[in-house]
Amino acid sequence: MVPRTPLLEVRDLRTSFFTPDGEVRAVRGISFALGAGETLGIVGESGSGKTVTALSVLGLLAATGKITGGELLFHGEDLARAPQKTLRKIRGKKISMIFQDSVSSLNPLMTIGKQVGEMFTAHPEALDSKAGGPAPFLWHGRRRLFRRALSGKEIDKQVTALLSGVQIPDSGKRRHFYPHELSGGMRQRAMIAIALACRPEILIADEPTTALDLTIQSQIIRLLKNAGEEAGMSIIFITHDLGLVAELCSRAIVMYAGMIMEEASVDDLFDAPSHPYTLGLFNSTPGMETDTARKPGPIPGSHPDMLRPPPGCPFSPRCASAGPRCFDAPPPRRAIGGPESGHFARCWLL
Ligand SMILES: Nc1ncnc2c1ncn2[C@@H]1O[C@H](COP(=O)(O)OP(=O)(O)OP(=O)(O)O)[C@@H](O)[C@H]1O
Ligand SMILES: [Mg+2]
């Protein structure tokens, strides 16, 4: 089902990069909604526009990038038009992101405890009242002056609690470790701790487990799932991996060439994938092949260059079932099993 009261509503978002070679149309009119407490998967091959979608929400596009159309409604405010000052207040605090390849963005010269603690110094109001309380205000008679600077002890206590919350064992000791003294899995946990420090309403996790081995991967997925459930947080989980979507998400959108090709509850997507591209993704995931007519393996061909996307259905050049109409015009979004099902796909063949 599509959430009735969305926390974030993306309407017809269009994002381009203006390069010396021309306009790279990375996101081309996508719409979706994220409900409170929901975990939404965004799945698709490399270059399909997953990261650009997330960076558009946070107002963190490269200098050449621009939102050219659409709305990003968060609590009724359009983030696509919000000034940087507003976005700075929202980023990290209300919507936070674990960036793709973010482990390499940990500062190698600073202990992980200090890096987590910086979040509390930047947002003192985020301190957990159960673990020492927010920084108290200083009062002069009835006038509130400013928040008292946090003591090192207050911050240490919260950092230790947060690191043990992301299951870093012996966190009181490990908070003094530098990133290189931790394993890849522990560094990823530290990144998650930084993202969770301010108890955001939305966490965007962009391929947070790609570099990790399978056991650690599923530990991190379980950690995100628990964190989401405990805090009632909404999660946007970006991945190539349909298996991880099944483990973590309740709904998913399948992106290709800057468009949403299919959207469904995870149950519907796995029971009745409808777009030939989605079928291709399943067929290229070992153990998930659903299309018995075709040999398992990667989808033949490659993702289009977004400087010159195909004029019809962007998947048509790689689609074994494409007919003449597929090459002419992009297919409309159609409901599958009635609009109430929340299952949609863009395909002329449906
Ligand atoms: N700074 C940029 N300048 C020009 N083009 C860009 C820029 N950033 C992204 N793009 C283009 O936008 C498109 C979407 O990129 P994006 O990073 O969102 O893909 P993705 O789905 O996240 O892929 P991956 O799975 O590899 O992370 C691609 O064609 C990419 O080349
Ligand atoms: Mg990406």
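Basis of the calculations
Residues numbered from 1 in each chain as written. Chains lettered and ligands numbered in written order. Predicted model: local features only at pLDDT ≥ 70, side-chain atom pairs only at ≥ 80, totals over all residues. Heavy atoms only, no water. Pairing = 2+ DSSP bridges. Helix = DSSP H or I, 4+ residues; strand = E, 2+ residues; numbered from the N terminus. Contact = heavy atoms within 4.5 Å. Axes fitted to C-alpha atoms, helices over the stretch in contact; angles between N-to-C directions. Buried < 20%, exposed > 50% of the residue type's maximum accessible area, 1.4 Å probe, protein only. Right-handed = clockwise from strand over helix to strand, strands pointing away. 1 Å grid on protein atoms, 1.4 Å probe; cavity = no way out; pocket = protein on both sides within 12 Å on 5 of 7 lines; lining within 4 Å. Points joined across faces, edges and corners; volume = space filled by probe spheres on them. Donors = N, O, S within 2.8 Å, 3.2 Å for Na, K, Ca; no water. Parallel < 35°, antiparallel > 145°, perpendicular 65-115°, else oblique. Left-handed = near helix turned anticlockwise from the far one by under 90°. Nonpolar A, V, L, I, M, F, W, Y, C, P; charged D, E, K, R; others polar. pLDDT = per-residue confidence, 0-100.

Before going further, it helps to spend a moment on the sheet that holds strand S2 (residues 22-35). If you trace the 4 strands from one edge of the open sheet to the other, you get S2-S1-S4-S5, paired in antiparallel fashion. Only two strands of the sheet have a single partner each, and these edge strands are S2 and strand S5 (77-78). As judged from the 11 bridges shared by strand S1 (residues 6-19) and S2, these two strands associate in the antiparallel manner. Pairing of Leu8 across the sheet is with Leu34, part of S2. Contacting S1, S2 and strand S4 (65-74), helix H1 (residues 50-58) runs over the sheet at an angle of about 110° to S1.

For the rest of this paragraph, the subject is the pairing of strand S10 (residues 234-239). Counting buried positions along S10 yields 6 of 6 residues, so the element is predominantly enclosed. Going residue by residue along S10, you find Ser234, Ile236 and Ile238 tucked away on one face and Ile235, Phe237 and Thr239 tucked away on the opposite face as well. Alignment of strand S9 (residues 202-206) against S10, held across 5 bridges, turns out to be parallel. Along S10, the bridge assignment pairs Ala205 with Phe237. Between the parallel pair S9 and S10, the chain is carried across by helix H7 (residues 214-231), and the sense of this crossover is right-handed.

Below, the discussion takes up the layout of surface pockets. Its boundaries defined by the atoms lining it, the second largest pocket holds a volume of some 370 Å³. Every element with two or more residues in the lining of the second largest pocket is listed here: strand S6 (95-98), helix H3 (112-122) and helix H6 (184-196).

What follows is about the coordination of the magnesium ion (ligand 2). Within the protein, the atoms that donate to the magnesium ion (ligand 2) are Thr51 (OG1) and Gln100 (OE1), at distances of 1.9 to 2.3 Å. Here Thr51 is found in helix H1, whereas its partner Gln100 is found in the loop between S6 and H3, with 49 residues between them in sequence.

H7 packs onto H6 with a crossing angle of 15° between their chain directions and a minimal axis gap of 11 Å. Here H7 runs roughly parallel to H6, going by the angle between their axes. Where H6 crosses over H7, the handedness of that crossing is right-handed. Contact residues: H6 offers Gly185, Gln188, Arg189, Ile192 and Leu196, while H7 offers Ile216, Gln219, Ile220, Leu223, Leu224 and Ala227. Among the residues forming the contact of H6 with H7, the class breakdown is 7 nonpolar, 3 polar and 1 charged.

Further remarks concern the confidence of the model for the protein. Across the protein, the average pLDDT comes to 88, with 90% of residues at 70 or higher. This model gives residues 129-139 a pLDDT under 50, and the stretch forms 28 contacts once residues within four places in sequence are excluded.

For sheets, the rule is that strands pair by backbone hydrogen bonds, running either parallel or antiparallel. Strand order across the open sheet formed by 8 strands is S6-S9-S10-S3-S11-S12-S14-S13, with mixed pairing between neighbours. At either end of the open sheet lies a strand with only one pairing partner, and these are S6 and strand S13 (333-335). Across the sheet, the mean angle separating the axes of adjacent strands is 20° when strand polarity is ignored. Bridge analysis of strand S12 (residues 259-265) against strand S14 (residues 344-346) gives 2 bridges, and the strand direction is antiparallel. Looking at the pairing, Glu263 lines up with Phe344 of S14. Strands strand S3 (39-43), S6, S9, S10 and strand S11 (251-256) of the sheet are contacted by H1, whose axis makes an angle of about 145° with S6.

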